[in-house]
Amino acid sequence: MNYYIGIDLGTSAVKLILVDENSAIIKTVSKEYPLSFPKPNYSEQNPLDWWKAVRNGIEEITLEIDKKSVKGIGVGGQMHGLVMLDENNSVLRPSILWSDTRTGKETDYLNKAIGKDKLQKLTGNIAFAGFTVPKILWVKENEPEIFEKCKKICLPKDYINLMLTGNFATDVSDASGTLYFDVENREWSKEMLDILGIDESYLPEVYESYDIIGKTKLFGLNCKVVAGAGDNAAAAIGTNTVNEGQCNISLGTSGTVFIPTDKYVKTENPALHSFCHANGKYHLMGCILSAASCNKWLNETVFESDYNVGVGDENNLFFLPYLSGERCPHNDDDAKGAFIGITHSTTRQDMQRAVFEGVSFAIKDCIALCPNEIKKATVCGGGTKSREWMQILADVLQIELDIIENEGPALGGALLAFGKTISPIIKYTVKPNKDFADIYDKKYKKYKKLYPALKDLFKE
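In this numbering scheme, every chain counts its residues from 1 along its sequence in written order. Where local features are concerned, this predicted model is filtered to residues with pLDDT of at least 70; where side-chain atom pairs are given and counted, the filter is 80 or more; whole-chain, interface and lining totals use all residues. To obtain the side-chain values, all non-hydrogen atoms of the structure were included, while hydrogens and water were left out.

Chemist: Run through the overall build of the protein, naming residues and quoting values.
Modeler: A helix here means a DSSP run of H or I that spans at least four residues, while a strand means a run of E at least two residues long, and both kinds are numbered starting from the N terminus. For the protein, the helix and strand inventory stands at 13 helices and 24 strands. Computed over its C-alpha atoms, the radius of gyration of the protein comes to 21 Å, within 12% of the 23 Å expected for a compact globule of 460 residues. Its C-alpha atoms give the protein principal-axis dimensions of about 60 × 55 × 45 Å. A total of 460 residues make up the protein; the buried ones form 59% of that total. In the protein, 71% of the contacts between residues at least 6 apart in sequence involve partners at least 24 apart. Accessible surface, the protein: about 18,500 Å² in total, of which carbon and sulfur atoms supply 47%. As defined in this context, the radius of gyration uses C-alpha atoms, and a globule is described by 2.2 Å times the residue total to the power 0.38. Think of it in three bands: residues with accessible area under 20% of the maximum for their type are buried, residues over 50% are exposed, and the middle band is partly exposed, with areas taken using a 1.4 Å probe on protein chains only. In this description, contact between two residues means that some pair of their heavy atoms is separated by no more than 4.5 Å. Using a 1.4 Å probe, the Shrake-Rupley method yields the accessible areas, and only the shown protein chains count as cover for residues.

So this is what it looks like as structure tokens:
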């Protein structure tokens, strides 16, 4: 029996899966690592912690099999993070993560001085604080001694691939989120690199996600390693969201709406990302920075108890899910979370419903920007554990949802290494309640008025 390993380098942990040649998941392993918040708006991790977790995870997941039977490894990983290395591949500073929003000044410079139109022309996207370029400019300005020593710039999963193979490589889907990658032509943007003053020799070679970038002989293995993909593109492979007309909604720490396209699409609203897909084509994506993490915050931090307390009945309580600022549709790092409409009669269950509704409205904000009508979607991620939430999401969006149990980015990584696709395993299907269509339409219109009313206060 031959096996393939898929790796999901997440924000809080790395998840590994072992898949056999029949695409069956044989074993899963998860290894946590610390997340650092050294200052307000900062979010960092040590790449050495990632590598230690991956090493331990590979050794554990292959413990009961012949290691020579592992034929391939594929890594999916958190996007946008800045990893800076010296000429010996030593880590120069902690990685600045996708959720880090310290780069407001740099993001404004990119969008205003260079201009959104030019950025979109050169890279397919505008600047967001979470993207890689603002982080590079921040280091250049604030840590010039680090920038001077830097000889390699890469993304989180690419560091893991470098450690596995010794080869410096990236893939088109992950590179799409850097803002120095020409998405339409699937190559580094030389003009953008010139504007930024970044030498292309500092960057990894670009591959398609399924391309072999080398072999690893570590841990007793002797197998190929493919380029892998950014976490959302890898998850789309894992959920088989690969054809135009499909849609996958992910409710993890952040939330995404992922829509495959056969050809490159220049979005009319630049809050919607236009990226390369891991299947050789393209996709559109709307991203909200806080999704299932809002529910985790409410229950663990506020109520200090378990989930699944039930939700209240229809009410006039609203929640803005901007706990980490917001990307789509506002591109506002200053945005904050808020409950609006609390009274003496507000219950915990009411607040639970408001959080579920607020994140669902934010997902609807993303879907509203898509050029084509979305009639059905798959949903993956930790948020799917709540059936009540999935019904609310279906009622807000008024579309049918297939709730799937596939392993997302880790499975996608394994399938990229295997060179196969599989149909998602559907746990259950949720149909929208048509009686709630008008109720949620009216509530969504009220929700849409809240951010504009509070925007200036958030900035203050």
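That was the structure; now back to the text.
Chemist: Help me get a handle on the pairing of strand E5 (residues 70-77), residues and values and all.
Modeler: Among the 8 residues that make up E5, 7 are buried, leaving the element largely enclosed by the rest of the structure. Here strand E1 (residues 3-9) pairs with E5 via 7 bridges, running parallel. Across the sheet, the residue bridging to Leu 9 is Gly 77, located in E5. Here 2 bridges tie E5 to strand E14 (residues 223-226), and the two strands are oriented parallel to one another. Should DSSP find at least two bridges between two strands, the strands are regarded as paired.

Chemist: Now, about the packing of helix H1 (residues 47-61) against helix H5 (residues 156-165): what can you tell me, with residues and values included?
Modeler: Note on definitions: angles span 0 to 180 degrees between N-to-C directions of axes, and those axes are lines fitted to C-alpha atoms, for helices only across the stretch in contact. Interhelical geometry of H1 versus H5 gives an angle of 55 degrees and a closest axis separation of 10 Å. Taken as axis vectors, H1 and H5 run oblique relative to one another. Considering the relative orientation of H1 and H5, their crossing is right-handed. The segment H1 lies against H5, with Pro 47, Leu 48, Trp 50, Trp 51, Val 54 and Ile 58 engaging Pro 156, Tyr 159, Ile 160, Met 163 and Leu 164. Residues of the contact of H1 with H5, tallied by class, amount to 11 nonpolar, no polar and no charged. Reported orientations rely on four angle classes, namely roughly parallel under 35 degrees, roughly antiparallel over 145, roughly perpendicular from 65 to 115, and oblique for the rest. Two helices crossing with the near one rotated counterclockwise from the far one by less than a right angle form a left-handed crossing, whereas a clockwise rotation gives a right-handed crossing. Residues were grouped as follows: Ala, Val, Leu, Ile, Met, Phe, Trp, Tyr, Cys and Pro as nonpolar; Asp, Glu, Lys and Arg as charged; and all remaining residues, including Gly, as polar.

Chemist: Break down the pattern of salt bridges for me, citing the residues and quoting the values.
Modeler: Each reported salt bridge corresponds to a side-chain nitrogen of Lys or Arg within 4 Å of a carboxyl oxygen of Asp or Glu. All told, the structure shown has 21 salt bridges when counted by the stated rule. The salt bridge partner of Lys 31 is Glu 60, with a shortest N-O separation of 2.6 Å. Pair noted here: Lys 31 is in strand E3 (residues 25-32) and Glu 60 is in helix H1, with a separation of 29 residues, a long-range link. Judged by its relative accessible area of 23%, Lys 31 is partly exposed. The class of Glu 60 is partly exposed, set by a relative accessible area of 32%. A salt bridge links Lys 448 to Asp 365; the nearest nitrogen and oxygen atoms lie 3.2 Å apart. Highlighted residues: Lys 448 in helix H13 (residues 437-459) and Asp 365 in helix H10 (residues 348-368), separated in sequence by 83 residues. Given a relative accessible area of 40%, Lys 448 falls into the partly exposed group. Asp 365 sits in the buried class, given a relative accessible area of 4%.

Chemist: How would you summarise the nonpolar core if you had to cite specific residues and measurements?
Modeler: Only buried Ala, Val, Leu, Ile, Met, Phe, Trp, Tyr and Cys residues count toward a nonpolar core, and they belong to the same one when joined by side-chain atoms within 4.5 Å. Grouped together as the largest cluster of nonpolar side chains are 60 residues, with contacts concentrated most on Met 84, Leu 110, Val 139, Ile 153, Tyr 180, Met 192 and Leu 196. Among the elements that line this core, the one with the most residues is helix H12 (residues 409-418), at 7 residues. Formed by 54 residues, the second largest nonpolar core is a distinct cluster that contains Ile 363, Trp 389, Tyr 428 and Tyr 451.

Chemist: Account for the packing of H10 against H13, with residues named and values stated.
Modeler: Between H10 and H13, whose axes approach to 11 Å, the crossing angle comes to 80 degrees. One finds that H10 runs roughly perpendicular with respect to H13. In this structure, H10 uses Arg 353, Glu 357, Gly 358, Phe 361, Ala 362, Lys 364, Asp 365 and Ala 368 to contact H13, whose residues at the interface are Tyr 440, Lys 443, Tyr 444, Tyr 447 and Lys 448.

Chemist: Can you explain the sheet that holds strand E24 (residues 426-430)? Please cite residues and give values.
Modeler: Ordered in space as E18-E19-E17-E16-E22-E23-E24, the 7 strands form an open sheet in which the pairing is mixed. The open sheet terminates on both sides in strands that have one partner only, identified here as strand E18 (273-276) and E24. Mean inter-strand twist for the sheet, computed between neighbouring axes without regard to direction, equals 25 degrees. Direction of pairing for E18 relative to strand E19 (residues 282-288): antiparallel, over a ladder of 4 bridges. The partner of Ser 274 across the bridge, within E19, is Leu 284. Along the sheet, H10 contacts strand E16 (248-251), strand E17 (255-261) and E19; its crossing angle with E19, the most-contacted strand, is approximately 145 degrees.

Chemist: Please give an account of the side chain of Glu 143 that cites residues and values.
Modeler: Structurally, Glu 143 is set in the loop between helix H3 (132-142) and helix H4 (144-149). Polar contact is the term for a pair of N or O atoms within 3.5 Å; when the atoms are in protein, one must be able to donate a hydrogen and the other to accept it, and sequence-neighboring residues count only if both atoms are side-chain atoms. Of the polar contacts made by the side chain of Glu 143, one reaches the side chain of Arg 93; its length is 2.6 Å. Filtering out sequence-adjacent residues up to four positions away, Glu 143 remains in contact with Arg 93 and Trp 138.

Chemist: Break down the packing of aromatic side chains for me, with residues and values.
Modeler: Each Phe, Tyr or Trp ring (for Trp, its six-membered ring) is paired with any other whose centre lies within 6.5 Å, and the angle between the two planes then decides the class: stacked below 30 degrees, edge-to-face above 60, tilted in between. Taken as a whole and judged by the stated rule, the model has 19 aromatic pairs. A ring pair is formed by Tyr 180 and Trp 188, whose centres lie 5.3 Å apart and whose planes are at 40 degrees; its orientation type is tilted. This pair shows no difference in class: Tyr 180 is buried, exactly as Trp 188 is. Summarising the aromatic geometry, the rings of Phe 319 and Phe 339 are spaced 4.8 Å apart at their centres and angled 45 degrees between planes, so their arrangement reads as tilted.

Chemist: Outline the state of the cysteines, supporting the account with residue identities and numerical values.
Modeler: Here, the word disulfide means a covalent bond between the sulfur atoms of two cysteines. The disulfide criterion used throughout: a pair of cysteine sulfur atoms within 2.5 Å. Taken as a whole and assessed by the stated rule, the structure comprises 0 disulfides. Of all cysteine sulfurs, the one in Cys 154 lies closest to Cys 223, which takes part in no disulfide; the gap is 20 Å.

Chemist: Please provide a residue-by-residue account of the pairing of E1, values included.
Modeler: Of all 7 residues making up E1, 7 are buried, and the element is well covered by its neighbours. Side chains of E1 alternate between two faces, with Tyr 3, Ile 5, Ile 7 and Leu 9 and Tyr 4, Gly 6 and Asp 8 buried alike. Hairpin connection, E1 to strand E2 (residues 13-20): the antiparallel pair is bridged by 3 residues.

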